[in-house]
Amino acid sequence: MSIVTSISKRTLHFGFNARTSRGAINQRVSWLIKIWDDNQPQQFGVGECGPLPGLSIDDTPDYEDNLHSVLNHVQSYQSLSVLSEDLHKFVPANYPSVLFGMETALLDLTHGGKRVIYKNAFLDGMPIPINGLVWMGDAIFMRKQISEKILQGYTCLKLKVGGLDFVTECEVIAGIRDQFGDDVTIRLDANGSFKSNEALSKLELLSSFNIQSIEQPVMAGDPELASICMNSPIPIALDEELIMHTDSQSRLELLNHLKPQFIILKPSLHGGLRGCAEWIRMATEAGIGWWITSALESNIGLNAICQFTANYNPIIPQGLGTGALYSDNVSSPLTVRNGTIFYDHHKIWDI
């Protein structure tokens, strides 16, 4: 076997200008990698590598150079199984998005180059429940999104908060409860926008709206986070907090110290597929809940994340409804309907 690789840079564009606590974003850049046997070039595996600017541990100026170095090393192998076993030895743990892309491409090629990452019920049409993502914006924009998500069949909404003044955000959330009662589950994501000395008072005010959880209320590394996790009237979910913890011991110590109620996992941020599997095992053993979200990947990465998630037969909504954000995404069988995502075999891949 002679392993060959290629790489292409791709920019996807949002259908609107999204706003986060870190500022406005309107596009997503990633690199698609292909791996194949030189004797069978028509059968290839595809993976997506893409750090999130200003957030990912591997968001570095030499990212593409490092990616090329990894692919050059890959081409020195003559066995796909040996390469898969060795992958985590030569891809640094602080390059999780490269790990994720490489894991995906290798699993895809191993299963015949048909975008099959794991053979499980998702490929047979099993739907995965997902939350409807409501982006930051003015109150009118957010209320419009909320109405659209409810009409689309979502029963769980995730609202990005921290972009408006706090009173206005509370009014928007109160409007959901006034209009839909407790039939709609509300998740919040503060992206670290609360100051530690005001976090608990804000959480107390928000708790009156029956919030299922709030993600990362304060910045990662905040010394008050353990106390906030212990005393918050709303269950705390951690995301950015996990990024810098790349080895087993550090991950275990973090969970034991902070004791969050939930962790939110993104394979391209949190150690690739294998790293997320370890986070899930540790969280389960500690009695900590979890769910999985994308890091705004194209349908290439999203497909891999959905199939990985399906290995765990998820019951609570996951954060996997991001493919429709783009006006120029890769066409795929991934289909969102009635608050779920599923694999529709009547649709085809267009890569």
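Figured I'd write up the structure that's included with this text. (Residues numbered from 1 in each chain as written. Predicted model: local features only at pLDDT ≥ 70, side-chain atom pairs only at ≥ 80, totals over all residues. Heavy atoms only, no water.)

## Looking at unusual backbone geometry
The backbone phi angle of leucine 296 is positive, close to 65°, even though this residue is not glycine. Looking at where leucine 296 falls in the secondary structure, it is placed in the loop between β11 (289-292) and α10 (299-310). Given the relative accessible area of 12%, leucine 296 is considered buried. Residues other than glycine seldom take positive phi values, yet asparagine 313 does so here, at roughly 45°. With respect to the helices, strands and loops of the structure, asparagine 313 is situated in the loop between α10 and β12 (334-337). Judged by its relative accessible area of 51%, asparagine 313 falls in the exposed class. (Helix = DSSP H or I, 4+ residues; strand = E, 2+ residues; numbered from the N terminus. Buried < 20%, exposed > 50% of the residue type's maximum accessible area, 1.4 Å probe, protein only.)

## Remarks on the sheet that holds β11
An order of β5-β6-β7-β8-β9-β10-β11 is seen for the seven strands of this open sheet, with the pairing classed as parallel. A strand with exactly one partner marks an edge of an open sheet, and here the two such strands are β5 (132-134) and β11. Strand-to-strand twist in this sheet, taken as the mean axis angle between neighbours without regard to direction, amounts to 25°. Relative to strand β6 (residues 156-160), β5 runs parallel, the two being bridged by three bridges. Bridge pairing links leucine 133 to lysine 158 in β6. (Pairing = 2+ DSSP bridges. Axes fitted to C-alpha atoms, helices over the stretch in contact; angles between N-to-C directions.)

## Observations concerning the packing of helix α1 (residues 63-74) against helix α3 (residues 96-110)
With their axes 11 Å apart at the nearest point, α1 and α3 run at an angle of 40° to one another. As summarised for this structure, α1 and α3 are arranged oblique, according to the angle between their axes. As α1 packs across α3, the resulting crossing turns out to be right-handed. Taking contact as the criterion, the partners of Tyr63, Leu67, Val70, Leu71 and Val74 in α1 are, on α3, Ser97, Val98 and Met102. Class assignment for the residues of the contact of α1 with α3 results in seven nonpolar, one polar and no charged. (Parallel < 35°, antiparallel > 145°, perpendicular 65-115°, else oblique. Left-handed = near helix turned anticlockwise from the far one by under 90°. Contact = heavy atoms within 4.5 Å. Nonpolar A, V, L, I, M, F, W, Y, C, P; charged D, E, K, R; others polar.)

## Brief notes about the environment of tryptophan 36
Take tryptophan 36: it is sitting in strand β2 (residues 23-37). The spacing of tryptophan 36 and asparagine 131 is 95 residues in sequence and 36 Å in space, taken between C-alpha atoms. In contact with tryptophan 36, not counting residues within four places along its chain, are Ser2, Ile3, Val4, Thr5, Ser6, Pro41, Gln43, Phe44 and Leu109.

## With respect to the pattern of salt bridges
The full count for this structure, using the stated rule, is 12 salt bridges. Ionic pairing is found between lysine 158 and aspartate 189, a salt bridge with its closest N-O pair at 3.6 Å. Taken together, the positions of lysine 158 in strand β6 and aspartate 189 in strand β7 (residues 185-189) put the pair 31 residues apart, joining distant regions of the chain. For lysine 158, a relative accessible area of 8% puts it in the buried group. A relative accessible area of 1% places aspartate 189 in the buried class. With its nearest N and O atoms 2.9 Å apart, the salt bridge here joins lysine 160 to aspartate 189. Of the two residues, lysine 160 sits in strand β6 while aspartate 189 sits in strand β7, which places them 29 residues apart along the sequence. There is no split in this pair, since lysine 160 and aspartate 189 are both buried. (Salt bridge = Lys/Arg side-chain N within 4 Å of Asp/Glu carboxyl O.)

## As for the pairing of β6
Within a regular strand, side chains alternate between the sheet's two faces. Counting buried positions along β6 gives five out of five residues, so the element sits mostly inside the fold. The alternating pattern of β6 places Cys156, Lys158 and Lys160 on one face and Leu157 and Leu159 on the opposite face, and all of these are buried. For the segment spanning β5, helix α4 (residues 139-151) and β6, crossover handedness is right-handed. The pairing of β6 with β7 spans five bridges and is classified as parallel. Residue pairing for β7: lysine 160 is matched across the bridge by aspartate 189. As for the winding sense of the linkage, the β-α-β connection from β6 through helix α5 (residues 166-180) to β7 is right-handed. (Right-handed = clockwise from strand over helix to strand, strands pointing away.)

## Regarding the sheet that holds strand β13 (residues 340-343)
Strand order in this open sheet of three strands is β4-β13-β12, and the pairing throughout is antiparallel. The outermost strands of the open sheet, each flanked by one partner alone, are β4 (128-129) and β12. Here β4 runs beside β13; their pairing, made up of two bridges, is antiparallel. Its bridge partner being in β13, proline 129 is matched across the sheet by threonine 340.

## Some words on α10
In an α-helix, one turn spans 3.6 residues, which is why side chains three or four residues apart end up on the same side. With 12 residues, α10 should reach 16 Å at 1.5 Å per residue; the first-to-last C-alpha distance of 16 Å fits that figure. Burial analysis of α10 places 12 of its 12 residues in the buried class, the great majority of the element. (Expected span 1.5 Å × (residues − 1).)

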